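Structural features, examined
Single-letter residue listing:
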Amino acid sequence: MMEIDKYKNLRYRLMESEKWPLKYMFKFIVPNEAGKVDQVKALLPKGGKVTFKHTANLKHVSVTCVALMESADQIIVITEKADKIEGVIVL
């Protein structure tokens, strides 16, 4: 049951915004291993501005994407999929 409510606050905050489409910033901390950065990149909206920043020890990569999103549900779907990739931290 906890899993379903995980994004309730995010969905609520997004629904409060009346200006759609809106620019949304996705931010993930991704383990720098075995194609995980590519997995996250594949989820991101096409046409979004993506930036990468490695941690000092190169163990993780911060992946940020700013994109024009059409709906709260679109944002939640991407966030949930990224969250299912082992080791990924959603910010």
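We now turn to the structure provided with this report.

Conventions adopted
Residues numbered from 1 in each chain as written. Predicted model: local features only at pLDDT ≥ 70, side-chain atom pairs only at ≥ 80, totals over all residues. Heavy atoms only, no water. Pairing = 2+ DSSP bridges. Helix = DSSP H or I, 4+ residues; strand = E, 2+ residues; numbered from the N terminus. Contact = heavy atoms within 4.5 Å. Axes fitted to C-alpha atoms, helices over the stretch in contact; angles between N-to-C directions. Buried < 20%, exposed > 50% of the residue type's maximum accessible area, 1.4 Å probe, protein only. Parallel < 35°, antiparallel > 145°, perpendicular 65-115°, else oblique. Left-handed = near helix turned anticlockwise from the far one by under 90°. Phe/Tyr/Trp six-rings, centres within 6.5 Å; stacked < 30°, edge-to-face > 60°.

With that settled, consider the sheet that holds strand β2 (residues 49-54). Strand order across the open sheet formed by four strands is β2-β3-β1-β4, with antiparallel pairing between neighbours. Sheet topology places β2 and β4 (89-90) at the edges, where each strand pairs with a single neighbour. Strand direction decides the pairing type here: strand β1 (residues 22-31) and β4, joined by two bridges, are antiparallel. When the sheet's bridge partners are listed, Phe28 is paired in β4 with Val90. Seen against the sheet, helix α3 (residues 36-43) touches β1, β2 and β3 (60-69) and runs at an angle of roughly 165 degrees to β1.

This brings us to the pairing of β1. The buried fraction of β1 is high, at seven of 10 residues. Note: β1 against β3, 10 bridges, orientation antiparallel. Within β3, the residue paired with Leu22 across the bridge is Met69.

With that settled, consider the packing of helix α2 (residues 8-16) against helix α4 (residues 72-83). Following both chains from N to C, one finds α2 and α4 inclined at 150 degrees, their axes separated by 9 Å at the closest point. Judged by the angle between their axes, α2 and α4 are roughly antiparallel. The element α2 and its partner α4 pack so that their crossing is right-handed. Contacts between α2 and α4 pair Leu10, Arg11, Leu14 and Met15 from the former with Ala72, Asp73, Ile75, Ile76 and Thr79 from the latter.

If you walk through the whole model with that rule in mind, you get two aromatic pairs. An angle of 75 degrees between the planes, with centres 4.8 Å apart, marks the rings of Tyr24 and Phe26 as edge-to-face. Judged by relative accessible area, Tyr24 falls into the buried class, the value being 16%. Connected via pairs of aromatic rings, a cluster forms that spans Tyr24, Phe26 and Phe28.

As paired strands, β2 and β3 are joined by six bridges and run antiparallel to one another. Looking at β3, one finds that Val50 is bridged to Cys65.

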